[in-house]
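The primary structure of each chain is shown beneath.
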12 protein chains.
Amino acid sequence: MQINIINGPNLGMLGLREPQIYGALTLDQIMHGLAEYARSLNVRISAAQSNEEGVLVSHILAGRELCQGLIINPGGFTHTSVALRDAIQAVDLPCVEVHISNTAARDDFRHRSLTAGACLGQIMGFGPMGYHLALNGLVEYLNSRNNKDDL
Amino acid sequence: MQINIINGPNLGMLGLREPQIYGALTLDQIMHGLAEYARSLNVRISAAQSNEEGVLVSHILAGRELCQGLIINPGGFTHTSVALRDAIQAVDLPCVEVHISNTAARDDFRHRSLTAGACLGQIMGFGPMGYHLALNGLVEYLNSRNNKDDL
Amino acid sequence: MQINIINGPNLGMLGLREPQIYGALTLDQIMHGLAEYARSLNVRISAAQSNEEGVLVSHILAGRELCQGLIINPGGFTHTSVALRDAIQAVDLPCVEVHISNTAARDDFRHRSLTAGACLGQIMGFGPMGYHLALNGLVEYLNSRNNKDDL
Amino acid sequence: MQINIINGPNLGMLGLREPQIYGALTLDQIMHGLAEYARSLNVRISAAQSNEEGVLVSHILAGRELCQGLIINPGGFTHTSVALRDAIQAVDLPCVEVHISNTAARDDFRHRSLTAGACLGQIMGFGPMGYHLALNGLVEYLNSRNNKDDL
Amino acid sequence: MQINIINGPNLGMLGLREPQIYGALTLDQIMHGLAEYARSLNVRISAAQSNEEGVLVSHILAGRELCQGLIINPGGFTHTSVALRDAIQAVDLPCVEVHISNTAARDDFRHRSLTAGACLGQIMGFGPMGYHLALNGLVEYLNSRNNKDDL
Amino acid sequence: MQINIINGPNLGMLGLREPQIYGALTLDQIMHGLAEYARSLNVRISAAQSNEEGVLVSHILAGRELCQGLIINPGGFTHTSVALRDAIQAVDLPCVEVHISNTAARDDFRHRSLTAGACLGQIMGFGPMGYHLALNGLVEYLNSRNNKDDL
Amino acid sequence: MQINIINGPNLGMLGLREPQIYGALTLDQIMHGLAEYARSLNVRISAAQSNEEGVLVSHILAGRELCQGLIINPGGFTHTSVALRDAIQAVDLPCVEVHISNTAARDDFRHRSLTAGACLGQIMGFGPMGYHLALNGLVEYLNSRNNKDDL
Amino acid sequence: MQINIINGPNLGMLGLREPQIYGALTLDQIMHGLAEYARSLNVRISAAQSNEEGVLVSHILAGRELCQGLIINPGGFTHTSVALRDAIQAVDLPCVEVHISNTAARDDFRHRSLTAGACLGQIMGFGPMGYHLALNGLVEYLNSRNNKDDL
Amino acid sequence: MQINIINGPNLGMLGLREPQIYGALTLDQIMHGLAEYARSLNVRISAAQSNEEGVLVSHILAGRELCQGLIINPGGFTHTSVALRDAIQAVDLPCVEVHISNTAARDDFRHRSLTAGACLGQIMGFGPMGYHLALNGLVEYLNSRNNKDDL
Amino acid sequence: MQINIINGPNLGMLGLREPQIYGALTLDQIMHGLAEYARSLNVRISAAQSNEEGVLVSHILAGRELCQGLIINPGGFTHTSVALRDAIQAVDLPCVEVHISNTAARDDFRHRSLTAGACLGQIMGFGPMGYHLALNGLVEYLNSRNNKDDL
Amino acid sequence: MQINIINGPNLGMLGLREPQIYGALTLDQIMHGLAEYARSLNVRISAAQSNEEGVLVSHILAGRELCQGLIINPGGFTHTSVALRDAIQAVDLPCVEVHISNTAARDDFRHRSLTAGACLGQIMGFGPMGYHLALNGLVEYLNSRNNKDDL
Amino acid sequence: MQINIINGPNLGMLGLREPQIYGALTLDQIMHGLAEYARSLNVRISAAQSNEEGVLVSHILAGRELCQGLIINPGGFTHTSVALRDAIQAVDLPCVEVHISNTAARDDFRHRSLTAGACLGQIMGFGPMGYHLALNGLVEYLNSRNNKDDL
């Protein structure tokens with residue numbers, strides 16, 4: 001089982017600035033930790049980050065046949081990207097939207113997610129730990145679905 | 001460490017109707033499973049359900065000194081209750097909002113959460129598993145915060 | 001056949017004030033008249049009134065297996081209660097929303113009904129007679145549906 | 001006593017299409033059944049249908065002196081016609097708005113009725129039976145008003 | 001010089017109801033008075049009333065070559081008719097919009113005029129006298145424009 | 001009989017700029033023409049212009065006992081001034097709002113008049129002639145009202 | 001195969017005014033050209049124009065059994081007519097909405113089409129040629145659908 | 001003379017948390033101080049607090065015959081409760097709405113009060129002292145009204 | 001201690017019109033009464049009224065060093081004046097907004113106060129008595145703040 | 001004559017998924033068919049697809065001197081991209097916007113096209129055939145424009 | 001060459017309060033510095049400040065023939081004054097709007113500028129230096145325009 | 001000192017089209033002129049242009065440690081890009097937003113800047129000169145800030 005992890009604009013800055021707020025971990029370190037955790041769940045992850053909306057779309061589409069699930073942190077595109085929403089629907093894989101901060105407690109224009117409506121679910125506000133929770137939840141979901149299919 | 005679990009209106013119906021959709025577990029069974037999981041994390045939970053907004057407010061307030069964290073599924077009050085938001089802020093405990101379904105994929109009037117802005121974070125769309133993820137995330141958060149305080 | 005009659009906040013004041021406007025009948029008298037009329041239609045009614053949203057939710061849910069239909073006057077909760085809407089959907093019984101006054105001719109914030117979208121239909125503006133019309137319509141609907149099921 | 005029954009655009013299609021949904025009765029049959037029911041209540045009805053807003057306005061105005069009440073199903077004009085609202089106010093007769101379906105459970109643009117604010121009340125969601133309920137309610141209203149006037 | 005006078009829905013009721021409010025003059029009487037006044041200004045008027053939007057459109061279009069100006073009281077269509085606005089633009093004649101009442105002091109949905117944007121100007125709130133003022137203003141406008149053209 | 005004429009901000013520029021558009025008449029010349037016309041109607045006018053909202057308010061209030069009617073061109077304050085609306089209501093005199101241009105055919109923010117709701121009526125789009133029409137209409141209104149009072 | 005062509009308000013003016021903008025062809029000439037083109041595609045067309053919303057509704061309904069498809073240019077009713085939308089849905093024929101101009105480049109109130117949601121598709125901005133494109137597209141659609149049905 | 005004092009959700013927390021902000025007084029102490037002040041004004045108060053909307057409604061209704069006035073701090077229900085507004089209107093007593101903080105300086109969703117429109121007036125931003133001002137103002141209002149009635 | 005009292009547009013009309021509604025007291029009389037009351041509280045007041053927004057701004061700014069507090073009734077400027085809000089913030093004095101009527105029970109455009117967000121609090125609906133309550137509350141606030149500063 | 005064909009995000013998935021819905025043709029096959037059709041019209045096409053907004057902008061700009069017209073399917077960028085709109089305006093070529101589905105019958109956020117206002121016209125709902133109709137219409141438009149220029 | 005500098009409400013407070021935030025310079029000192037800078041550019045400035053909207057309007061109008069350009073800081077009137085916008089358009093001089101702070105980073109109601117649409121451009125966020133930049137830009141603009149006119 | 005200059009979509013077209021409007025200078029020429037001007041201020045600039053949102057984000061992030069300030073013309077992304085706003089905040093450098101035209105005088109959807117809220121300030125409407133003003137202002141700002149830091 002392989003899970004596609006997609007990280008959007010500015011997330012490459014994690015760990016490089018204000019570590020007292022966002023934590024000292026870089027995105028690479030977070031993804032390495034996640035890969036390790038994935039192995040413990042018997043799944044593999046492929047992780048990509050881009051500041052470009054279209055590259056993110058392409059990453060999602062590229063995983064259509066290779067992956068069984070999707071975890072996406074669309075960053076600032078969360079609130080404006082119909083294209084990402086369409087891509088999630090196009091690959092027809094269960095997708096979990098992750099946000100490091102709690103967007104409901106920030107600017108008004110961050111309160112609406114255009115992409116979440118195309119997802120299985122959403123996890124936000126837990127910092128980097130959110131990726132672990134998302135992977136945990138997604139793998140459990142896929143396993144239970146597979147079990148049903150086996151019957 | 002004790003975590004207050006608050007379930008809102010209509011959640012007492014879980015397991016009683018359309019089990020093929022919402023799962024065959026009743027809220028009681030979900031809460032028992034959660035209590036067991038909690039023990040494995042070395043925390044206790046106290047769980048309450050009510051269809052009444054004010055009773056939920058009272059449950060939250062009652063846990064102010066007894067509990068270290070809060071998990072709330074406000075059900076239909078999510079979108080309309082300033083009183084619940086105020087209660088979450090009043091107890092000043094880290095709170096995780098849980099939804100069994102992905103409200104971003106349902107009616108327009110379910111897209112805005114009045115309560116989430118007062119929370120640490122939000123988890124939605126994972127069915128009953130969402131409570132486990134929330135508890136996992138909340139306990140990790142509390143532990144890491146306590147560790148910092150110890151320094 | 002049993003029909004659940006649910007009356008919301010402030011409806012207990014009927015008959016007690018401004019009888020020249022709202023009529024001289026108390027809610028009790030209206031419900032007694034309705035019970036009599038129900039007998040003539042060969043159905044029984046169970047009537048409840050509460051000023052509390054959650055108690056109304058509980059009344060609706062309690063009738064899920066006992067009743068075949070629902071008549072609700074949500075009073076001021078009509079325009080604000082997602083919880084009541086969810087309860088109506090949860091019991092999956094045909095429901096008629098009744099208003100004593102014509103809310104379309106009153107304040108702007110009374111023009112939208114959050115609950116009506118989960119109902120079979122709505123009757124408003126006929127004063128206490130609205131309950132009779134609702135019961136009449138609901139029983140006819142249930143009878144014709146049962147007849148179809150018999151074929 | 002005479003009641004004016006006004007049916008708006010597309011209602012002439014009733015019974016001709018999708019009878020499994022809208023019922024097998026044509027508008028003519030519904031109006032004949034209504035006329036029969038009216039006789040049992042000792043009132044006469046005059047029924048008109050038009051797809052044209054202005055013809056409906058004219059029908060309403062024409063009944064100003066001949067009729068004591070009005071039942072209107074404005075169809076798609078419900079949500080857009082100030083002219084029909086003005087006509088209802090101009091004849092100053094008690095008017096009941098009827099909808100065959102529950103418009104609160106359909107498209108957003110069907111949630112607001114421009115005409116209902118000028119009416120005595122509204123009945124919707126009961127299929128063709130709605131006309132009977134409306135007639136019943138309207139005649140009761142007129143009788144009780146007349147009784148008061150007799151005193 | 002000929003001016004087209006177009007009166008919209010429900011205006012045929014003038015004088016027939018509530019004369020203490022709207023005055024005792026019927027629309028016919030008002031139009032006769034206006035014709036007389038027109039003669040004193042050396043212009044002729046052609047007056048039409050219809051409850052039907054499309055008939056009003058046709059009346060406007062029919063006057064394209066016969067008339068030099070247009071006075072319209074669109075009644076309830078004022079706030080909803082793009083078709084009337086288009087017709088006024090299509091004939092490319094100076095048009096004055098008249099309202100008997102002051103629509104800015106009535107319901108919210110009467111505060112926006114879709115048709116006025118295609119007109120030379122608007123006169124409202126003066127009762128039947130508004131037609132005289134409109135004719136006066138329109139003829140003065142046409143005369144001064146003709147004078148300029150003569151130079 | 002005396003009529004108070006109030007002209008708002010920027011109207012002192014009339015005639016001084018773009019005479020091919022706004023006409024060659026200055027506000028003084030327009031007011032002198034209006035005074036002459038007033039004499040022919042047996043009324044006197046007092047005319048004031050100010051760029052200051054509060055000075056306009058004071059002019060309106062000052063005329064409360066001296067004048068029988070009010071003509072106001074609030075200029076840019078039309079769309080923003082609750083204070084002017086309150087002043088018109090405070091003197092309780094019939095008021096006509098005049099605009100030289102047709103504001104319904106200009107920027108969106110000019111489509112709503114805050115002041116018109118407190119007036120008897122509105123005349124717009126006729127250039128300087130609008131003042132004559134307003135005076136004509138207002139005097140006719142006052143005369144007919146006085147005649148009624150005489151009976 | 002027969003296609004119903006419905007033209008709305010003011011379209012009868014085509015060719016009569018501003019030919020340098022809208023072209024020199026009258027609606028009759030356009031419809032004759034379209035009929036000829038239709039013959040080359042082996043279909044017949046029936047064309048109707050009316051300024052009246054209800055007459056357009058009737059034309060649509062009248063074609064329910066005679067026609068296999070519908071092309072409609074609702075003119076100004078595009079943005080305001082729920083009745084036309086309902087009629088298109090009632091006949092359950094594939095319908096193409098045509099606009100001679102590009103409404104997206106005109107006034108704000110022309111940016112929303114109430115009728116397009118009930119159609120197969122929409123073509124706008126191509127002048128009279130739009131009818132040919134619509135007929136071409138509609139016939140291709142019907143042919144390919146029939147071919148599928150044949151299998 | 002008796003005044004009903006109604007305190008809404010979360011107000012039972014006063015004095016228990018962040019005393020440096022909200023003051024060191026509990027709600028009980030504030031109410032005792034208010035009772036003392038009431039005695040000095042020769043009136044009695046009955047004070048109730050509940051986190052439940054319906055219980056607050058019931059408290060208001062219960063005071064209909066026992067009390068001459070009402071002071072209400074609806075807390076978070078201020079912005080969402082039509083039911084409380086209806087209750088205030090139902091008892092037809094002069095009511096003063098009190099807020100401890102200045103809600104106009106807080107979140108956007110706290111800027112609209114649904115309940116204030118049914119009140120005599122509103123006092124906010126004065127901390128616990130607001131109750132004294134409200135009582136003072138309400139008693140003065142009642143006394144002056146009674147004096148008028150005596151004449 | 002000196003308090004600046006600022007009264008906005010149209011308030012100079014108090015007592016002069018409709019005394020049965022607004023009371024028989026002129027603004028001068030109210031201010032004299034307030035000055036007397038102030039002396040009993042050991043403070044002085046300086047009162048100003050103007051119909052001009054800018055003059056009010058200047059009055060507020062002028063009191064920056066002379067006064068310890070501010071009471072303002074901005075009249076119609078309440079809903080439209082950013083300049084007054086800025087002035088209140090600029091002097092950085094505790095300010096109480098007073099309204100004679102309950103603006104929440106009047107026109108929609110009176111429901112939002114632009115100025116209140118810059119104030120300590122708001123009192124409305126108590127008629128002229130509102131100034132006394134405001135002064136009472138403001139002086140208590142200043143005294144208790146000073147007492148804290150003394151410690 | 002050369003026409004630039006621009007396809008936006010996710011359109012590379014055509015034919016690869018749900019062929020029973022979107023047809024079995026890949027975008028490549030559609031573009032090859034279109035090229036063939038173009039040859040029959042004596043024009044050449046250059047086709048590009050990208051998931052990246054900026055790459056699409058660059059493709060449009062690159063065709064400014066090489067192409068005489070533009071066909072664009074902006075996919076999800078239709079509703080959000082000011083940059084694409086600006087690019088269409090910058091090259092000043094007649095542009096046809098194509099959508100495979102009828103966006104007016106889908107989610108609310110798909111009802112507004114930001115790009116269509118900068119286009120000659122729009123074709124939607126015809127599936128892949130829409131590109132043929134667009135090319136047909138665009139070439140006819142260019143030919144007739146060239147003919148005019150020749151005169 | 002002369003440039004009119006207009007400063008709006010509350011700007012007279014610059015330098016008098018919170019110098020650590022707004023700088024220690026008074027408006028007079030800023031204007032003197034600006035005059036000096038103007039001399040170095042070979043232009044003269046005339047500077048005015050007022051808290052009154054109408055006085056600002058008059059200052060703008062007064063400079064119509066004396067000045068070649070306009071720099072305005074409308075303060076709080078930026079967001080509410082149609083009158084100032086009209087004045088800027090009336091004098092038909094290139095105008096630069098200056099704000100000391102970055103209004104886009106402050107309250108929501110400061111995000112829209114009613115006056116900027118009538119200006120050549122806008123400069124904000126640079127503190128007092130903004131006036132220098134504005135003068136620099138405006139003079140460059142005027143010089144380059146004059147040079148073109150000379151050709 | 002180094003300043004990062006970022007130019008968004010379509011700005012590469014400057015000088016290539018409509019030189020009479022946008023000037024004859026290409027973006028390269030403008031940037032060269034700016035570089036020269038920068039040298040006179042003793043700073044270096046690095047300039048980048050891209051049509052791709054994500055590339056712009058990357059350019060901004062890349063300058064985080066190399067540059068002391070940022071000048072950005074986000075073109076069409078100004079109104080839609082949360083990602084660019086986040087990038088500006090992420091590098092935590094003073095940023096000036098530049099627009100060649102005055103966006104407040106163009107389409108409605110250009111009136112809101114999502115990015116400006118994260119900037120130091122904004123300059124618009126001065127054509128290419130805007131970059132010089134921005135550089136001038138930004139360098140002055142940085143110098144004065146450095147001077148403060150030196151103390």
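Our subject is the structure that appears above.
Residues numbered from 1 in each chain as written. Chains lettered and ligands numbered in written order. Predicted model: local features only at pLDDT ≥ 70, side-chain atom pairs only at ≥ 80, totals over all residues. Heavy atoms only, no water.

**Overview of the sheet that holds strand 4 (residues 95-99) of chain K**
Read across the sheet, 10 strands follow the order 2(K)-1(K)-3(K)-4(K)-5(K)-5(L)-4(L)-3(L)-1(L)-2(L) without closing on themselves; strand pairing throughout is mixed. Where the open sheet ends on each side, the last strands, each with one partner, are strand 2 (44-49) of chain K together with strand 2 (44-49) of chain L. Across the sheet, the mean angle from the axis of one strand to that of its neighbour is 20 degrees, orientation sign disregarded. Strand contacts of helix 2 (residues 27-40) of chain L: strand 1 (2-7) and strand 2 of chain L, with the helix running at about 165 degrees to strand 2 of chain L, the strand carrying the most contacts. (Pairing = 2+ DSSP bridges. Helix = DSSP H or I, 4+ residues; strand = E, 2+ residues; numbered from the N terminus. Axes fitted to C-alpha atoms, helices over the stretch in contact; angles between N-to-C directions. Contact = heavy atoms within 4.5 Å.)

**Details of the relation of the copies chain B and chain A**
Rotating chain B by 180 degrees about the axis while translating it 0.0 Å along that axis superimposes it on chain A, leaving an RMSD of 0.0 Å. Taken together, the rotation and translation describe the operation of a two-fold axis. Considering only C-alpha atoms, the residue of chain B closest to the rotation axis is Ile-123 of chain B, which sits at 2.2 Å. Mapped onto chain A, 100% of the interface residues of chain B again fall at the interface, so both copies present the same surface. (Least-squares fit on C-alpha atoms with pLDDT ≥ 70 in both.)

**Some details on the interface of chain B and chain A**
On the side of chain A, 21 residues touch chain B, which itself brings 21 residues to the contact. Interface of chain B and chain A: buried area, both sides summed, is about 1600 Å²; carbon and sulfur atoms make up 63% of it. Put simply, chain B and chain A have 0 salt bridges between them. Where chain B meets chain A, there are 6 residue pairs in polar contact (both at pLDDT 80 or more). At the level of elements, strand 5 (121-124) and helix 5 (129-150) of chain B are the ones that each hand at least two residues to the side of chain B that touches chain A. Examining the composition of the side of chain B that touches chain A, we find that 7 residues originate from one element, helix 5 of chain B, more than from any other. Considering only residue class, the side of chain B that touches chain A consists of 13 nonpolar, 7 polar and 1 charged. Direction of pairing for strand 5 (residues 121-124) of chain A relative to strand 5 of chain B: antiparallel, over a ladder of 3 bridges. Within the sheet, the bridge partner assigned to Ile-123 of chain A lies in strand 5 of chain B and is Ile-123 of chain B. (Buried area = accessible area lost by both parts, 1.4 Å probe. Salt bridge = Lys/Arg side-chain N within 4 Å of Asp/Glu carboxyl O. Polar contact = N/O pair within 3.5 Å; in protein donor to acceptor, adjacent residues only side chain to side chain. Nonpolar A, V, L, I, M, F, W, Y, C, P; charged D, E, K, R; others polar.)

**With respect to the state of the cysteines**
All names here are of chain F. In total, this model carries 0 disulfides over all chains according to the counting rule given. For Cys-95, which is in no disulfide, the shortest distance to another cysteine sulfur is to Cys-119 and amounts to 3.7 Å. Residue Cys-95 is classed as buried on the basis of its relative accessible area of 1%. (Disulfide = S-S within 2.5 Å. Buried < 20%, exposed > 50% of the residue type's maximum accessible area, 1.4 Å probe, protein only.)

**With respect to the interface of chain D and chain E**
Listed as interface residues are 17 residues of chain D and, on the opposing side, 15 residues of chain E. With both chains or domains summed, chain D and chain E bury close to 1400 Å², and 53% of this area falls on carbon and sulfur atoms. Linking chain D with chain E are 2 salt bridges. The shortest N-O distance in the salt bridge between Asp-86 of chain D and Arg-110 of chain E comes to 2.9 Å.

**Brief notes about the arrangement of the chains**
Chain I shows no contact with chain J. Their nearest C-alpha atoms sit 28 Å apart. Over all C-alpha pairs, chain I and chain L never come within contact, reaching a minimum spacing of 19 Å.

**A few points about the packing of helix 3 (residues 53-62) of chain J against helix 4 (residues 82-91) of chain J**
Residue and element names in this part refer to chain J. Between helix 3 and helix 4, whose axes approach to 9 Å, the crossing angle comes to 5 degrees. Judged by the angle between their axes, helix 3 and helix 4 are roughly parallel. Contacts between helix 3 and helix 4 involve Glu-53, Leu-56, Val-57, Ile-60 and Leu-61 from the former and Ala-83, Leu-84, Ala-87, Ile-88, Ala-90 and Val-91 from the latter. (Parallel < 35°, antiparallel > 145°, perpendicular 65-115°, else oblique.)

**A closer look at helix 4 (residues 82-91) of chain B**
Think of an α-helix as turning once every 3.6 residues; residues three or four places apart then point the same way. Residues and elements named next belong to chain B. Helix 4 sits mainly inside the fold: 9 of its 10 residues count as buried. Among all positions of helix 4, only Val-82, Ala-83, Leu-84, Arg-85, Asp-86, Ala-87, Ile-88, Ala-90 and Val-91 are buried. At its buried positions, helix 4 is contacted by helix 3 (53-62), strand 3 (69-73) and strand 4 (95-99). Among the residues of helix 4, the N-terminal cap falls to Ser-81, whose side-chain oxygen and the backbone nitrogen of Ala-83 are separated by 3.5 Å.

**Structural notes on the side chain of Arg-110 of chain G**
Relative to the helices and strands, Arg-110 of chain G resides in the loop between strand 4 (95-99) and strand 5 (121-124). A residue is classified by how much of its surface remains accessible, and Arg-110 of chain G, at 3% relative accessible area, is buried. Of the polar contacts made by the side chain of Arg-110 of chain G, one reaches the side chain of Asp-86 of chain E; its length is 2.8 Å. Once you skip the residues sitting within four places of it in the chain, Arg-110 of chain G turns out to touch Val-82, Arg-85, Asp-86 and Gln-89 of chain E together with His-79 and Thr-103 of chain G.

It is worth stressing that arrangement in space is one thing and function is another; only the former is reported here.
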